[in-house]
Amino acid sequence: MSQADETQTVDQDGVIESVSGPVVTAADLDARMNDVVYVGDEGLMGEVIEIEGNLTTIQVYEETSGVGPGEPVENTGEPLSVDLGPGMLDTIYDGVQRPLDELEEKMNSAFLDRGVDAPGIDVEKQWEFTPTVSEGDSVEPGDIIGEVPETASITHKVMVPPDFEGGEITSIEAGDFTVEEPVAELSSGEDVTMHQEWPVRQARPAAEKRTPTVPLQSGQRIQDGLFPIAKGGTAAIPGPFGSGKTVTQHQLAKWSDADIVVYVGCGERGNEMTEVIEDFPNLEDPMTGKPLMSRTCLIANTSNMPVAARESCIYTGITIAEYFRDMGYDVALMADSTSRWAEAMREISSRLEEMPGEEGYPAYLAAALSEFYERAGLFENVNGTEGSVTAIGAVSPPGGDFSEPVTQNTLRIVKTFWALDADLAERRHFPSINWNESYSLYRQQLDPWFVENVAEDWPEVRQWAIDVLDEEDELQEIVQLVGKDALPEDQQLTLEVARYLREAWLQQDAFHDVDTYCEPTKTYRMLQAIKTFNDEAFDALDAGVPVEEIQSVDAAPRLNRMGTADEWSEFIDELETNLAEQIRELY
Amino acid sequence: MKEYQTITEISGPLVFAEVDEPVGYDEIVEIETPQGETLRGQVLESSEGLVSIQVFEGTGGIDRNASVRFLGETMKMPVTEDLLGRVLDGSGRPIDGGPEIVPEERQDIVGAAINPYSREYPEEFIQTGVSSIDGMNTLVRGQKLPIFSGSGLPHNDLALQIARQATVPEEEGDEETEFAVIFGAMGITQEEANEFMDDFERTGALERSVVFMNLADDPAVERTVTPRLALTTAEYLAFEKDYHVLVILTDITNYCEALREIGAAREEVPGRRGYPGYMYTDLAQLYERAGRLKDRDGSVTQIPILTMPGDDDTHPIPDLTGYITEGQIVMDRDLHSQGIEPPVNVLPSLSRLMDDGIGEGLTRGDHGDVSDQMYAGYAEGEDLRDLVNIVGREALSERDNKFLDFADRFEAEFVEQGYDTNRTIEETLGIGWDLLSDLPKEELNRIDEEFIAEYYHEDEEAEAVQAD
Ligand SMILES: Nc1ncnc2c1ncn2[C@@H]1O[C@H](COP(=O)(O)OP(=O)(O)OP(=O)(O)O)[C@@H](O)[C@H]1O
Ligand SMILES: [Mg+2]
């Protein structure tokens, strides 16, 4: 069941027995698990989540105030599904794929009313369809049969639905069609339209999962430089409130080199979604120069929207992501925050009086999380194309304590861990990704790409940076006891180099026009410049120059300006020359 | 309207009654005690034949002979512009001896969620006149920015100062707009309430205020309704009558205690530290009722106040709040005992909407950089204080000593200002530059070189050194 089918009145298939918040039980309803039902006189949308004897338990995706026993329940007989087809990009949906702009219009209000349906894709709009196969060609489920220019940057591929039989094409034609009109007929008797439906809780099929070897370039120095993620990889961003999870996700949605971005605002702030809607149309994709919004699909279940739709919004998002993957695209899915999703599961579970697991979360929490992240990956699709879904989930641990169940269960699954740190955030060191705690298990498998595309000595230079930061960490403990000036000169110099690594390289201002995006080559060149300072400085120290003199060369603090400089390449060239000259002048 | 005398169980704030016709979830209930007193409640769970009711005033006086009436509607707030200037109790009934309220509309108090598509991103700078807020944690129209405080700290003084001083500097020629203030008190003491009322009366603010009073000795369950009445009124004034509304809710901690009490009475599986598992969602339903809408002139800005039990910001109340609100202003006990007024600790404080509300054309071009640099400088100075305790000032480099001085001056001159000083943003930034000019120029790596050239003043630094 999906939104494209409009239902007007509610048939009485069953009767409400009781109502408690988002959980309603109904009697006499003949339903299967996960069937979508319409509840009460207003026809609120819900989903069957438990069946016990004659009683069916339903989670309702809308507010239930005023709904009472005796009201009707109608079963659609179909599971919760999304509408797939052209028109999903440059759109914002709620957790059950109702377009929010459409809802505003239908409800004629800025506030979300209930009992209003709207299809996930526009059923009236005409799209320009161009076939890529001909009559007589034989096609299988999943095969691409034509193209539609969906937005400025994305060509939508029209595919034979995975649950079709397939066969020979008996008729296909170019032209303008709505998503409901057949664009091709098959010998099997099946008509292919541009509209598919897919149940959200079921992964779309793929031929094979492969090992990813290409990074999702993030445009963020600490991520590309130290903790890269692969296209088709998984990552978690845990951190206490205000540490920068959302800004990090927004940065990836803006600057990463994914083809498609699916951004799920799960139980977070309304204004953060508004910010995306207002900003993205005016930002350019650094790869294509096209407005960012034209590659983006937003799904919003804000913290004050019904909690059951929070549980479903993650599935809605990943299903849309898989659909674009099937076309051969690299899709990045951000989920902010998976903790709210887990809490929604907990709330529903406790209303069902299920036996709670750790900290009240349902016992299936770990399974639900791993099922979700398993749907990410680099895939050979059933139609032979290669596509990927990269899944990046924010985690909001209570009290910022990473030992809680959602963080821990997530860490067991994901391969990239960007640990946000309240202490760094307090001193406005952003992104506040802690370089000692974070890791990426993709480093080795992505190194060949960096070596080939960025710099031959990428792995070595990165290792140098890691070593310096590690050494700083150890030295800081001594400094805390005796002060910096009590250290030997070479160690003082190491601290100075580490400071530049932190302040000039790791730190990156998301709100600075230039600094907000840093391509991998710039990330490398900036690091090289700091290494130049390091190498020249240690040579000078060996030659007997006092450390204060080395530190106070004019060029050194200019390292801090590399990120924000307009012409970064020229700036860094000049800076490296000046550093070498000025330090060599000292001896 | 049917009347029942079918109460089967009374437990804590809850009453269970048998019914023979369906009753809607969340509907309002009136219970008449044998003594003739009328209490109000709300349906918490409705099933065939049985409902559980949460009674706002508490269940004292109810027995099994009490009669129960279901009003067939969810709770409504009668709204009208005439509410301005009025004082109501925690359930919305006038307690100021004034005339009956003639409502223009009756609105559901469980406000519907704002469609994120219909919002307008808040970015209009509100000048509160408080440097630690304007300079470092800027408030904007439509933001929800709580004060995280502790018991005995002067959060009320700060809240009142903001309510008195908040203005939105308008383009020349336009009049400055004043805020309408909605004050929602939940479980505060009479003394605290007087503090607010006296100030409102003294400054004439009462005329453009609506006050909702649930005091410490008022029923706890009523506290779950008070903020919803306040916010419904705020939304009405903002989005139907074009007011810029400032909502002060205090104390959220008492609100959460009431939630916990109800949860316990319902024998729910408790979440962290006994608070209900749905407290995040519940709080979000309050805090998210702030903001701006496309095509509407008004706005709802929220300043909720909460006292952190044990000054612990990982406690579920501040923790869940911080995860929902757009930052927080944190009051600090040490600064308070040093006599700093207001004792705002800027390091854990944050305004997430600051970046879009400041800068060229809004406040001043250098604002963001100055703020970042002061954060970094103050954090560094703070770190060094620990070290000084061990090794002494002499063992530190000249650079480190400058940062120590910076941290001291930052507290004594920038944060400290008293509750009656109203600083313009120019003054605030001016003080910032005075302090930053004491640091070596090349240390100001967060500030654009253009701004350093414009605002950094070396001569004063030299004077300061001579004066020492
Ligand atoms: N990369 C960055 N550059 C500049 N500022 C940043 C950066 N990351 C975070 N910030 C600052 O930190 C603030 C909080 O970040 P953010 O909203 O992302 O936190 P969060 O972890 O998502 O918090 P919550 O869990 O409450 O949603 C931002 O408003 C911004 O001021
Ligand atoms: Mg966030």
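In what follows, the structure referred to is the one given above.
Let me sum up the structure you'll find in this document. (Residues numbered from 1 in each chain as written. Chains lettered and ligands numbered in written order. Predicted model: local features only at pLDDT ≥ 70, side-chain atom pairs only at ≥ 80, totals over all residues. Heavy atoms only, no water.)

**Concerning the packing of helix H2 (residues 155-165) of chain B against helix H3 (residues 190-203) of chain B**
All names here are of chain B.
Part 1: Axis separation between H2 and H3 bottoms out at 11 Å; the angle between their running directions is 20°. The angle between H2 and H3 falls in the class roughly parallel. Between H2 and H3 lies a crossing whose hand is right-handed. Residue-level inspection shows His155, Asn156, Asp157, Leu160 and Arg164 of H2 in contact with H3, the latter providing Glu192, Glu195, Phe196, Asp199, Phe200, Arg202 and Thr203. (Axes fitted to C-alpha atoms, helices over the stretch in contact; angles between N-to-C directions. Helix = DSSP H or I, 4+ residues; strand = E, 2+ residues; numbered from the N terminus. Parallel < 35°, antiparallel > 145°, perpendicular 65-115°, else oblique. Left-handed = near helix turned anticlockwise from the far one by under 90°. Contact = heavy atoms within 4.5 Å.)

**Points about the interface of chain B and chain A**
Part 1: Contact residues are listed per partner, giving 81 residues for chain B and 75 residues for chain A.
Part 2: Viewed at the interface, chain A and chain B are joined by five salt bridges.
Part 3: Close ionic contact of B:Lys294 with A:Glu104 constitutes a salt bridge, the shortest N to O distance being 3.9 Å.
Part 4: Summed over the shared surface of chain B and chain A, the result is 33 residue pairs in polar contact (both at pLDDT 80 or more).
Part 5: Per-element accounting of the side of chain B that touches chain A gives the leading share, eight residues, to helix H10 (residues 367-391) of chain B.
Part 6: Taken together, the residues of the side of chain B that touches chain A sort by class into 37 nonpolar, 18 polar and 26 charged.
Part 7: Of the pairings in the sheet, the one linking strand E1 (residues 14-20) of chain A to strand E5 (residues 38-47) of chain B comprises two bridges and is antiparallel in character. Its bridge partner lying in E5(B), A:Ser18 is registered against B:Ser47. (Salt bridge = Lys/Arg side-chain N within 4 Å of Asp/Glu carboxyl O. Polar contact = N/O pair within 3.5 Å; in protein donor to acceptor, adjacent residues only side chain to side chain. Nonpolar A, V, L, I, M, F, W, Y, C, P; charged D, E, K, R; others polar. Pairing = 2+ DSSP bridges.)

**Considering the site of ligand 1**
Part 1: Surveying the vicinity of ligand 1 reveals 21 residues, the closest of which are A:Lys245, A:Thr246, A:Val247, A:Arg269 and B:Arg352.
Part 2: Mapping the residues near ligand 1 onto chains gives chains A and B.
Part 3: Between an oxygen atom of ligand 1 and a side-chain N or O atom of A:Glu268, the distance comes to 3.3 Å.
Part 4: Interatomic distance of 3.3 Å between a side-chain N/O atom of B:Asp355 and an oxygen atom of ligand 1.
Part 5: Taken together, the elements giving at least two residues each to the shell around ligand 1 come down to helix H3 (245-255) of chain A together with helix H7 (316-324) of chain B.
Part 6: Ranked by residue count, the leading element in the shell around ligand 1 is H3(A), at three residues.
Part 7: Grouping the constituent residues of the shell around ligand 1 by class yields nine nonpolar, six polar and six charged. (Near = heavy atom within 4 Å.)

**Some thoughts on the packing of aromatic side chains**
All names here are of chain A.
Part 1: What the rule picks out here adds up to 23 aromatic pairs over all chains.
Part 2: Taking the centre distance of 5.8 Å and the plane angle of 65° together, the rings of Tyr323 and Phe324 count as edge-to-face. Side by side, Tyr323 and Phe324 carry an identical accessibility label, which is buried.
Part 3: With a centroid separation of 6.2 Å and 70° between ring planes, the pair formed by Phe402 and Phe417 is classed as edge-to-face. (Phe/Tyr/Trp six-rings, centres within 6.5 Å; stacked < 30°, edge-to-face > 60°. Buried < 20%, exposed > 50% of the residue type's maximum accessible area, 1.4 Å probe, protein only.)

**Here's the deal with the sheet that holds strand E12 (residues 155-159) of chain A**
Residue and element names in this part refer to chain A.
Part 1: As summarised here, the arrangement of the four strands in space is E12-E11-E9-E14, forming an open sheet in which the pairing is antiparallel. Because the sheet does not close on itself, it has two edges, and the strands there are E12 and strand E14 (175-177). Neighbouring strand axes in the sheet, compared pairwise and without regard to direction, differ in orientation by 40° on average.
Part 2: Pairing analysis gives two bridges linking strand E9 (residues 127-131) to strand E11 (residues 144-149), with the strands arranged antiparallel. If you follow Pro131 over to E11, its bridge partner there is Gly146.

**Structural notes on the nonpolar core**
Residue and element names in this part refer to chain A.
Part 1: One finds Leu226, Ile392, Trp418, Leu501, Ile530, Leu559 and Met562 to be the most contacted residues of the largest nonpolar core, which totals 84 residues.
Part 2: Ranked by the residues each element gives to this core, the list is headed by helix H13 (residues 520-542), at nine residues.
Part 3: Not counting the four nearest positions on each side in its chain, Leu501 is found in contact with Trp464, Ala465, Val468, Leu469, Leu506, Leu527 and Ile530.
Part 4: Counting residues in each nonpolar core, the second largest holds 81 residues, with Leu84, Met194, Val264 and Val389 among its members. (Core = buried A, V, L, I, M, F, W, Y, C linked by side-chain atoms within 4.5 Å.)

**Points about the pairing of strand E19 (residues 234-238) of chain A**
Residues and elements named next belong to chain A.
Part 1: Most of E19 is tucked away: five of the five residues are buried.
Part 2: Here E19 pairs with strand E24 (residues 386-395) via five bridges, running parallel. Within the sheet, the bridge partner assigned to Ala236 lies in E24 and is Gly393.

**A few points about a nonpolar patch on the surface**
Part 1: Taken together, the side chains of A:Ile478, A:Leu481, A:Val482 and B:Ile390 present a nonpolar region at the surface, about 360 Å² in accessible area.
Part 2: Residue contributions to the nonpolar patch peak at three residues, all from helix H11 (residues 458-482) of chain A.
Part 3: With respect to the helices and strands, the residue A:Val482 is situated in helix H11.
Part 4: For A:Val482, a relative accessible area of 36% corresponds to the partly exposed category. (Patch = residues over 30% accessible without salt bridge, like charges linked within 9 Å, V, L, I, M, F, W, Y side chains within 5 Å. Areas by Shrake-Rupley, 256 points an atom, 1.4 Å probe, with all protein chains shown as cover.)

**Here we look at the pattern of salt bridges**
Part 1: Evaluated as defined, the whole model comprises 68 salt bridges over all chains.
Part 2: Across the pair B:Arg260 and B:Glu257 runs a salt bridge whose closest N-O atoms are separated by 2.9 Å. With a gap of three residues between them, B:Arg260 and B:Glu257 both fall in helix H5 (residues 252-265), about one helical turn apart.
Part 3: B:Arg260 sits in the partly exposed class, given a relative accessible area of 30%.
Part 4: The salt bridge involving B:Glu411 is made with B:Arg385; its shortest N-O contact spans 2.9 Å. A residue pair is termed long-range when its members are at least 10 positions apart, and B:Glu411 in helix H11 (residues 398-415) and B:Arg385 in helix H10 qualify at 26 residues. We note that B:Glu411, like B:Arg385, is buried.
Part 5: Through salt bridges with shared partners, one network takes in A:Glu496, A:Arg499, A:Glu503, B:Glu380, B:Arg399, B:Asp400 and B:Glu443.

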